[in-house]
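# Structural overview for review
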Amino acid sequence: MRFPRSTDVFVIGGGPAGLAAALAARRRGLEVTLADAAIPPIDKACGEGIMPDGVQAARSLGLELDTVDGQPFRGIRFCESGVSVEAAFPEGNGLGLKRTTLHQMMVERAAEDGVRLLWGTRVTGIDQKGVFAADRLVGARWIVGADGGQSPVRRWAGLDSCVRDSRRFGFRRHYAVAGWGDFMEVHWGEACQLYITPIGAREVCVVLIGRDPQMRLDDALPQFPDVVRRLAGAAHGSAGPERGGVSASRRLKAVYRSNVALVGDASGSVDAVTGEGLCLLFQQAVALADAFVAEDLSRYQQAHRRIGRRPEFMADLMLLMDSRSRLRKRAMRALAGNPALFGRMLAMHIGEISPREFLTNSLALGWRMLTI
Ligand SMILES: Cc1cc2nc3c(=O)[nH]c(=O)nc-3n(C[C@H](O)[C@H](O)[C@H](O)COP(=O)(O)OP(=O)(O)OC[C@H]3O[C@@H](n4cnc5c(N)ncnc54)[C@H](O)[C@@H]3O)c2cc1C
């Protein structure tokens, strides 16, 4: 693909966020160029679970995720020390989808929609006029930093300042196991969680997430004998060995400056255990394209904050459960005794009930925890 002299939008990074931003901008009639240093399909450590609101948000970019080769799941199950509680989503299904399948689908859609795609192209800098890549300047009206959690664009644009910034570490492995069921599972251990997403009729994605960067899946698995039993004898799946990544809880003070805007993990993120990263970036992409059309990136700043509020709240709740073992055990017993409460928590998680209803729910949970 030839380099253009100029473009309406230059997207730096061709992971899910960059491709989503490119698709959304194309749908608003803008000319879009995207560059990524890597060559597709690009893999990454990810739990590979997309919540129903994420499947819905992808639709607004023209992505019918449930038509590709994934595995739908009906709800979420929390498990700890023999206690478990589960609930189905109030509406729609979640989807387990291999990262490489998602990426390939998004790349194909972007090519069909006329995004100019420059793979194997590292961007080395930006200025007011455009983007430096492969020793030349490409003029751009808008520049999008979709270059992931370590975002160089964020640094170049002076947007590194954070309101919050903490991190955990995630490791993913695929296992060839048939018939795991149709729930995504979160298994709570001491200072770590395993979460398991069915991604095919005969494959699951297992992610360990915790604060210790040295702890690997094989170190943590003995804490989860039920999981060990079900994985026994399963071959490691098609994605090869364990793959690691940083799960950041990061909120930036600002997600744009002048004509540069950040999207996806570059713009901040919620802890991976929420399974909301992809949903967030699909929603951000649509909001960003709207702001381009309005020629006003402050609108994107506002929308970005609004989109992130609920997942951040849920992430805080889950991280509280991670750090307080006694509180977690009480909460698990309370929820197991009244699964409808868990159902309402899940509905809040995917935006199906309002924070006010959720507050009523939280009070009910608190009361149950005091009285069990
Ligand atoms: C362990 C773990 C589990 C997770 N599980 C889930 C889950 O189950 N569900 C969910 O929804 N979310 C999950 N997430 C979050 C989700 O994976 C991220 O939110 C998502 O990958 C962010 O995508 P992105 O496009 O912003 O960044 P990335 O996927 O990191 O893409 C950034 C791209 O930018 C490119 N790039 C960087 N610098 C340059 C440069 N200078 N020039 C050109 N290209 C450049 C890179 O090559 C890369 O392709 C998980 C995250 C982790 C760490």
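For clarity, every value in this text was computed on a predicted model and none was experimentally measured. (Residues numbered from 1 in each chain as written. Predicted model: local features only at pLDDT ≥ 70, side-chain atom pairs only at ≥ 80, totals over all residues. Heavy atoms only, no water.)

### So, the sheet that holds strand β3 (residues 49-50)
Pairing between sheet strands relies on hydrogen bonds along the backbone, with the strands arranged either parallel or antiparallel. Here 3 strands make up an open sheet; going across it, the order is β3-β7-β4 and the pairing antiparallel. Only two strands of the sheet have a single neighbouring strand rather than two, namely β3 and β4 (71-73). (Pairing = 2+ DSSP bridges. Helix = DSSP H or I, 4+ residues; strand = E, 2+ residues; numbered from the N terminus.)

### Observations regarding the site of the ligand
Residues in contact with the ligand amount to 32 residues; listed here are only the nearest, Asp 36, Gly 47, Gly 49, Arg 99 and Tyr 195. In this structure, a nitrogen atom belonging to the ligand sits 2.7 Å away from a main-chain N or O atom of Gly 49. A distance of 2.8 Å separates an oxygen atom of the ligand from a polar atom in the side chain of Arg 99. Within the complex, the protein chains bury 91% of what would otherwise be the 1,000 Å² of accessible surface of the ligand. For the shell around the ligand, a count of residues per class yields 14 nonpolar, 10 polar and 8 charged. (Near = heavy atom within 4 Å. Polar contact = N/O pair within 3.5 Å; in protein donor to acceptor, adjacent residues only side chain to side chain. Areas by Shrake-Rupley, 256 points an atom, 1.4 Å probe, with all protein chains shown as cover. Nonpolar A, V, L, I, M, F, W, Y, C, P; charged D, E, K, R; others polar.)

### So, the sheet that holds strand β15 (residues 203-210)
In spatial order, the strands read β6-β5-β13-β14-β15-β12-β16-β19; together these 8 strands make up an open sheet with mixed pairing. With partners counted over all chains shown, the strands left at the sheet margins are β6 (83-88) and β19 (268-269), one partner each. Two strands pair when backbone bridges link them, and strand β12 (residues 162-175) and strand β16 (residues 243-252) are joined in this way by 10 bridges, in the antiparallel orientation. Note that in β16 the partner of Asp 165 across the bridge is Arg 250. Packed on one face of the sheet, helix α9 (residues 325-337) meets β5 (75-80), β6 and β13 (183-189) and runs near 55 degrees to β6. Packing of helix α10 (residues 339-349) onto the sheet brings it into contact with β5 and β6, and relative to β6 it is tilted by some 55 degrees. (Contact = heavy atoms within 4.5 Å. Axes fitted to C-alpha atoms, helices over the stretch in contact; angles between N-to-C directions.)

### Some details on the packing of aromatic side chains
Under the definition given, this model contains 4 aromatic pairs. An angle of 50 degrees between the planes, with centres 6.0 Å apart, marks the rings of Phe 73 and Phe 89 as tilted. Within this pair, whereas Phe 73 is found in strand β4, its partner Phe 89 is found in the loop between β6 and β7 (94-96), the two being separated by 16 residues in sequence. The exposure class assigned to Phe 73 is buried, which follows from its relative accessible area of 0%. Ring centres of Trp 142 and Phe 292 lie 5.1 Å apart, and the angle between their planes is 25 degrees; this geometry places the pair in the stacked category. With a gap of 150 residues between them, Trp 142 in strand β11 (residues 136-145) and Phe 292 in helix α7 (residues 277-293) connect regions that are remote in the sequence. Here Trp 142 matches Phe 292 in class, with each residue buried. Aromatic ring contacts, followed pair by pair, group Phe 78, Trp 188 and Phe 342 into a single cluster. Against the face of Phe 3 rests Arg 136, its NZ or CZ located 4.3 Å from the ring centre. (Phe/Tyr/Trp six-rings, centres within 6.5 Å; stacked < 30°, edge-to-face > 60°. Buried < 20%, exposed > 50% of the residue type's maximum accessible area, 1.4 Å probe, protein only. Lys NZ or Arg CZ within 6 Å of the ring centre and 35° of its normal.)

### Considering the side chain of Arg 173
Inspection of the secondary structure puts Arg 173 in strand β12. Owing to a relative accessible area of 7%, Arg 173 belongs among the buried residues under this scheme.

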